[in-house]
Structure formats: C-alpha cells, structure tokens
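This is what each chain is made of:
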Amino acid sequence: MALRDVLHFPPSDRAFLDPYLPPTSTATATTTTDTTTTTTTTIPRPTRPFTTLTFATSLDSALALAPSTPTPLSGPASKAMTHYLRARHDAILVGVGTALADDPSLNCRLAGAGVQGQPRPVVLDPRARWDVAASRALGLARAGRGRAPWVVVAADVDARQREALEAGGGAYLTLPAAAASAPAAREPAAFAWEDVLALLAARGIASVMVEGGGAVINALLLPQHAPLVDAVVVTIAPTWLGRGGVVVSPQRTVDATGVAVPPARLRRVRWHQLGEDVVLCGTLRGGAD
Ligand SMILES: NC(=O)C1=CN([C@@H]2O[C@H](COP(=O)(O)OP(=O)(O)OC[C@H]3O[C@@H](n4cnc5c(N)ncnc54)[C@H](O)[C@@H]3O)[C@@H](O)[C@H]2O)C=CC1
Ligand SMILES: Nc1nc(O)c(N)c(N[C@@H]2O[C@H](COP(=O)(O)O)[C@@H](O)[C@H]2O)n1
C-alpha cells in the first residue's frame with residue numbers, strides 16, 4: 001500500500017464519537033455452562049446488528065455531483081475518521097448504485113488495521129447487476145487488504161461471478177424481495193430492511209455501518225425504518241455541489257390530517273470540527289434518551 005493511502009486518526013480525536021459507537025464486545029450467540037449445576041444457558045443472538053448510518057454531504061445535502069460521478073467531500077481528517085468507523089464495525093453496507101458508480105474499496109486503510117481489523121463489505125444488489133469478479137473490493141480481499149464482499153441478491157447469479165466471489169472468500173446471500181419496502185430504491189425488487197439486518201445478525205455481524213448511497217440513506221431515514229438505526233454520523237464539507245446531484249432528502253411524510261411533517265430529527269446531537277469539515281453525530285430514536 002502506498003504511504004499516502006495509510007490514514008491516521010489519533011486517539012485524541014476519537015472521544016467525541018464514543019457515545020455513538022457500537023459496544024466493543026457485542027453479544028453474539030453464546031452458550032455458557034454452569035459447572036456447579038451443569039445447566040446450560042444459551043444467550044440468543046441479537047436479531048439485528050448495531051446499525052450506524054454514516055456519509056459525507058455538501059452544504060446542500062448532496063452525496064455526489066451525479067449518480068455516476070465519484071465526488072470526494074471529506075477532507076483528510078474526516079476521511080480518517082470514516083476509516084476509524086470502518087475499523088469499529090463488523091460490516092459496511094452500500095447499495096449497488098454506489099458499487100456501480102464508485103467501484104469502492106470498502107476496506108479500512110488506517111495504519112495498523114491489519115486483516116483482522118477489516119469490515120465485511122455488504123452490497124444490496126437484488127438483480128445481481130454488479131460485476132463483483134472485477135471489483136476493487138474483491139481484488140483487495142485477494143491481496144489480504146480487505147474482506148471479500150457479501151452480495152445480497154433476489155435473482156439468479158451468473159456462474160462465473162459466483163465462482164470468482166466464492167473463490168475469494170465472499171458469498172452471494174439470497175433474500176426475498178418485498179416490493180414496497182424501499183420506495184426510494186427506484187426498482188421493484190426491494191428487501192425489507194428488517195430482513196437485511198436479520199440476515200447479517202444471523203451470520204455473526206454485530207455491527208454494520210451503512211455508507212450509502214442516496215437511495216439507501218433516504219430509505220433508512222423514513223419513520224418506519226429509523227428505529228432500526230442506532231447512530232448517525234454525518235460529515236459536512238464546506239462546499240455546495242449544486243442542483244441535480246445525489247441528495248439526502250427523505251420522502252416527506254404527512255400526518256393523519258394531511259399536513260406535512262418532518263420525516264426525521266436527530267437527538268443527542270454533537271457537532272465536532274475535523275479539519276475544515278464538521279462531523280454531526282446523533283440518534284434517531286424517540287424516548288427518554
Ligand atoms: N458522500 C458519501 O458519503 C457517499 C456517496 N455515495 C454516492 O451515492 C451515489 C449512489 O447512490 P444511489 O444512486 O442512490 O444508489 P445506492 O447506492 O443507494 O443504491 C441503490 C440501489 O441499491 C439497491 N437497494 C437499495 N435499497 C435496497 C433495498 N432495501 N432492497 C433491495 N435493494 C436495495 C437497489 O438496487 C437500488 O437501486 C454514488 O454517486 C455514490 O458516489 C455513496 C455512498 C456514500
Ligand atoms: N466519508 C466519505 N467521504 C466522501 O467524501 C465520500 N465520497 C465517501 N464516499 C463513500 O466512500 C466510498 C469510497 O470508499 P473507498 O475509499 O473506495 O473505500 C464510496 O463508494 C462511498 O460509499 N465517503
């Protein structure tokens with residue numbers, strides 16, 4: 001790895017994130033045996049992972065100039081923070097729109113991350129459109145610099161793609177499509193978010209960082225999905241990208257009388273400056289927190 005690709009996020013910068021991070025020892029399915037009574041207790045696996053929604057936007061809430069235009073927004077310090085978040089989660093999830101547009105690495109490039117510190121890339125690709133065999137993420141996994149992706153599909157998969165993915169240590173995971181669950185996904189085959197998260201939990205993923213893109217983020221910010229999200233970490237860069245880009249702007253909701261209401265508001269909010277960017281942390285859940 002070239003030296004310029006090695007990122008540093010010093011411990012002195014990390015404290016503000018602590019309340020928003022997944023627990024370090026998240027409970028997975030475990031069996032404990034009490035030797036004095038010889039009873040065995042099984043602690044059930046959680047039904048979903050700790051879920052963090054994290055992305056970078058411009059001042060006009062854009063993720064990218066256009067769906068097919070990779071757009072750097074984070075400065076060096078907030079980019080390093082994103083990689084620290086990657087190190088602190090078991091998986092990174094993106095929609096296939098992001099995989100097709102960016103051919104992302106989806107690995108952790110913090111100094112010292114090693115192989116064990118790498119998150120599992122997860123791509124939602126209901127129609128199996130992504131050329132995973134030629135992807136950067138799979139190439140990095142083959143080189144020992146990341147984990148091989150899991151691609152969540154609803155369709156049949158090309159045999160060559162499956163062979164390449166499985167040979168690299170990845171997998172295709174199949175879920176049924178539930179048409180109405182992701183209105184912003186712009187295609188009929190949508191997975192229920194509860195199913196996606198349950199699938200990951202069942203495979204031992206205790207924490208997932210959802211990075212994007214627009215369709216995924218806008219869906220998870222809807223009131224019916226927001227309770228699935230444990231933390232939100234947004235990097236805001238001091239730039240405007242202009243109209244016509246990929247924006248974070250969830251579908252407006254209306255109350256019982258037809259009056260528009262905001263779809264989401266952050267709670268337990270903290271703002272932190274990193275370089276020229278601001279990092280906004282919060283939670284979406286209601287209640288007494
Ligand atoms: N600035 C940032 O932090 C980030 C920017 N981006 C940008 O976002 C853009 C891509 O965003 P979009 O085009 O909106 O695509 P996207 O990455 O949100 O993917 C959308 C696709 O993912 C699949 N999908 C999403 N939700 C699904 C569900 N519940 N069930 C089944 N399939 C589902 C569908 O195939 C859908 O068409 C790119 O330009 C990328 O660079 C992406 C991630 C982060
Ligand atoms: N945190 C953040 N800041 C930006 O400025 C970005 N453009 C993104 N994009 C997301 O990161 C992926 C690229 O990751 P790799 O560096 O290739 O590992 C890209 O696909 C978006 O998901 N994020």
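All values derive from a computational prediction rather than experimental measurement.

S.K.: I keep staring at the side chain of Asp230 and nothing clicks. Help me out?
M.R.: Within the element layout of this structure, Asp230 appears in the loop between helix H6 (214-220) and strand S10 (231-236). Since its relative accessible area comes to 15%, Asp230 is described here as buried. In terms of polar contacts, Asp230 uses its side chain to reach the side chain of Arg48, at 2.9 Å. What Asp230 contacts, discounting residues up to four positions off in sequence, is Arg48, Pro49, Phe50, Thr51, Thr283 and Arg285.

S.K.: How should unusual backbone geometry be read in this particular structure?
M.R.: The general pattern is negative phi for most residues beyond glycine and trans for most peptide bonds. In this chain, Gly212 is followed by Gly213 through a cis amide linkage whose omega measures -5 degrees. In this fold, Gly213 is placed in the loop between strand S9 (207-212) and H6. Within the chain, Leu106 stands out as a residue other than glycine whose phi angle is a positive 55 degrees. One non-glycine residue, Ala128, lies in positive phi territory at about 50 degrees. Structurally, the position occupied by Ala128 is in the loop between strand S6 (120-124) and helix H3 (136-142). What makes Ala128 partly exposed here is its relative accessible area of 25%.

S.K.: What exactly am I supposed to notice about the site of ligand 1 here?
M.R.: Taken together, 31 residues lie near ligand 1, and Ala56, Thr98, Asp102, Phe191 and Ala215 sit nearest. At 3.1 Å from a nitrogen atom of ligand 1 is found a main-chain nitrogen or oxygen belonging to Leu63. Within the backbone of Val216, an N or O atom sits 3.2 Å from an oxygen atom of ligand 1. With the chains in place, 93% of the 860 Å² that ligand 1 exposes on its own is no longer accessible. Elements with a minimum of two residues in the shell around ligand 1: strand S3 (50-57), strand S4 (62-64), helix H2 (96-102), S9 and H6. No other element matches the 5 residues that H2 contributes to the shell around ligand 1. Of the residues assigned to the shell around ligand 1, the class counts are 20 nonpolar, 6 polar and 5 charged.

S.K.: I keep staring at the nonpolar core and nothing clicks. Help me out?
M.R.: Among the nonpolar cores identified, the biggest contains 37 residues, and Leu53, Leu93 and Trp193 are the most heavily contacted of them. Per-element accounting of this core gives the leading share, 5 residues, to helix H5 (residues 193-202). Sequence-distant contacts of Leu93, defined by excluding residues within four places in its chain, comprise Val122, Leu124, Trp193, Val196, Leu200, Val208, Met209, Val210, Glu211, Gly212 and Val216. Phe16, Tyr20, Phe50 and Met209 belong to the second largest nonpolar core, which has 20 residues in total.

S.K.: Would you explain the pattern of salt bridges in this entry?
M.R.: A side chain with one charge may pair with a side chain of the opposite charge, provided their charged atoms come close. Under the definition given, this model contains 4 salt bridges. Between Arg160 and Asp131 there is a salt bridge, with the nearest N and O atoms lying 4.0 Å from each other. Of the two residues, Arg160 sits in helix H4 (residues 159-167) while Asp131 sits in the loop between S6 and H3, which places them 29 residues apart along the sequence. For Arg160, a relative accessible area of 53% corresponds to the exposed category. Residue Glu166 is joined to Arg162 by a salt bridge in which the shortest nitrogen-to-oxygen separation is 3.5 Å. Here Glu166 pairs with Arg162, and both are found in helix H4, just 4 residues apart, close to one helical turn. For Arg162, a relative accessible area of 32% gives the class partly exposed.

S.K.: Whenever I open this one, the confidence of the model for the protein confuses me. Can you help?
M.R.: Caution applies to low-pLDDT parts of the model: their predicted coordinates are not meant to be read in detail. Mean pLDDT for the protein: 90, with 86% of residues reaching 70 or above. Low pLDDT, under 50, characterises residues 26-35; the stretch is placed with 22 contacts to residues that sit more than four places away or in other chains. For this predicted complex, the interface confidence score (ipTM) comes to 0.99, while the overall pTM stands at 0.92.

What counts and how
Residues numbered from 1 in each chain as written. Chains lettered and ligands numbered in written order. Predicted model: local features only at pLDDT ≥ 70, side-chain atom pairs only at ≥ 80, totals over all residues. Heavy atoms only, no water. Helix = DSSP H or I, 4+ residues; strand = E, 2+ residues; numbered from the N terminus. Buried < 20%, exposed > 50% of the residue type's maximum accessible area, 1.4 Å probe, protein only. Polar contact = N/O pair within 3.5 Å; in protein donor to acceptor, adjacent residues only side chain to side chain. Contact = heavy atoms within 4.5 Å. Near = heavy atom within 4 Å. Areas by Shrake-Rupley, 256 points an atom, 1.4 Å probe, with all protein chains shown as cover. Nonpolar A, V, L, I, M, F, W, Y, C, P; charged D, E, K, R; others polar. Core = buried A, V, L, I, M, F, W, Y, C linked by side-chain atoms within 4.5 Å. Salt bridge = Lys/Arg side-chain N within 4 Å of Asp/Glu carboxyl O. pLDDT = per-residue confidence, 0-100.

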